[in-house]
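Structural description and commentary
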Amino acid sequence: MVINGTTCVSRASPQQCADATLLAVSRTVPPAVRCIMFLSGGIQDSKATLLLKLINQGVGPKPWYLGFSFGRALQDSCRAAWKGKADNVDVARKVFLSQCISCSEAALGSL
């Protein structure tokens, strides 16, 4: 994913990042490649999910499946809900399931 650098002063919008990602991928990845799996790269789970959705909603041909391999983006919110306490396991499971659904829908561009 094309995203803002950590010290970037002029911040691009999520839509601009998605558009730049599609442009870069379309110029460098041949259509014979069947899928492109993005990593969350340490960005917030909600931002990674939003960017994947916007990339999949982008205009133009997308001959590849554009999906995710968001280990950290899937886990961060449920770990925050869990806090290492047995009493929070059910809440953490619900948060994890919700995040899985969101990432799945984002991969389809339908979040």
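Since the structure is predicted, the reported quantities are computational estimates derived from the model, not experimental observations.

**Things to note about the environment of Gly 67**
Inspection of the secondary structure puts Gly 67 in strand 2 (residues 65–68). Linking Gly 67 and Asn 56, residues 11 residues apart in sequence, is a C-alpha distance of 8.7 Å. Look past the residues within four positions of Gly 67 in its chain and what remains in contact with it is Ile 36, Met 37, Phe 38, Leu 52 and Ala 107.

**A look at the pattern of salt bridges**
For the structure shown, the criterion picks out 2 salt bridges. Across the pair Asp 90 and Arg 93 runs a salt bridge whose closest N-O atoms are separated by 3.8 Å. With Asp 90 and Arg 93 both in helix 4 (residues 89–107) and 3 residues apart, the pair spans about one turn of that helix. Taken as a pair, Asp 90 and Arg 93 share a single burial class, namely exposed.

**Focus: the confidence of the model for the protein**
Mean pLDDT over the protein: 88, with 97% of residues reaching 70 or higher. The secondary structure element of the protein with the lowest average pLDDT is helix 3 (residues 71–82), at 81, and the one with the highest is helix 1 (residues 14–28), at 95.

**So, the packing of helix 2 (residues 45–57) against helix 4**
As a packed pair, helix 2 and helix 4 sit with axes 7 Å apart at the nearest point and diverge in direction by 25 degrees. Viewed along their axes, helix 2 and helix 4 adopt a mutual orientation that is roughly parallel. Residues Asp 45, Thr 49, Leu 52, Lys 53 and Asn 56 of helix 2 form the contact with helix 4, whose own contacting residues are Gln 99, Ser 102, Cys 103, Ala 106 and Ala 107. Of the residues assigned to the contact of helix 2 with helix 4, the class counts are 4 nonpolar, 4 polar and 2 charged.

**A closer look at helix 4**
Spanning 19 residues, helix 4 covers 27 Å between terminal C-alpha atoms, matching the ideal 27 Å at 1.5 Å per step. At the exit of helix 4 stands Gly 109, carrying a positive phi of roughly 75 degrees.

**Focus: helix 2**
In this model, helix 2 (13 residues) spans 18 Å end to end at C-alpha, consistent with the 18 Å of a helix rising 1.5 Å per residue. Those residues of helix 2 not exposed but buried are Asp 45, Ala 48, Thr 49, Leu 51, Leu 52, Lys 53, Leu 54, Ile 55 and Asn 56.

**Structural notes on the pairing of strand 1 (residues 35–38)**
Burial of the side chains of strand 1 is restricted to one face: Ile 36 and Phe 38 are buried, whereas none of Cys 35 and Met 37 on the reverse face is. Bridging between strand 1 and strand 2 involves 4 bridges; their strand directions are parallel. Looking across to strand 2, one finds that Ile 36 is bridged to Leu 66. The handedness of the strand 1 to strand 2 crossover, carried by helix 2, is right-handed.

So, how was this worked out
- Residue positions are counted from 1 within each chain, in the order its sequence is given.
- The predicted nature of this model means local features are confined to residues of pLDDT at least 70 and side-chain atom pairs, given and counted, to a pLDDT of 80 or more, with totals for whole chains, interfaces and linings taken over all residues.
- With hydrogens and water stripped out, all remaining heavy atoms of the structure feed into the side-chain values.
- Comment: elements are numbered from the N terminus, with helices defined as DSSP H or I runs of at least four residues and strands as E runs of at least two.
- A contact between two residues is defined here by any heavy atoms of the two lying within 4.5 Å.
- Salt bridges are defined by distance alone: a side-chain nitrogen of Lys or Arg within 4 Å of a carboxyl oxygen of Asp or Glu.
- Exposure classes here rest on a 1.4 Å probe applied to the protein chains alone. A residue is buried below 20% of its type maximum, exposed above 50%, and partly exposed in between.
- Known as pLDDT, the predictor's confidence for each residue is given on a scale from 0 to 100.
- Here an angle of 0 to 180 degrees is reported between the N-to-C directions of two axes, which are lines fitted to C-alpha atoms, with helices fitted over the stretch in contact.
- By definition in this entry, angles of less than 35 degrees are roughly parallel, angles greater than 145 are roughly antiparallel, angles of 65 to 115 are roughly perpendicular, and the rest are oblique.
- Lys, Arg, Asp and Glu make up the charged group, whereas Ala, Val, Leu, Ile, Met, Phe, Trp, Tyr, Cys and Pro make up the nonpolar group; the residues left over, Gly among them, are polar.
- To estimate how far a helix should reach, multiply one less than its number of residues by 1.5 Å.
- Paired strands, as defined in this entry, are two strands with at least two bridges between them according to DSSP.
- By the criterion used throughout, a crossover qualifies as right-handed when its path from the first strand across the helix to the second strand runs clockwise, the strands pointing away from the viewer.

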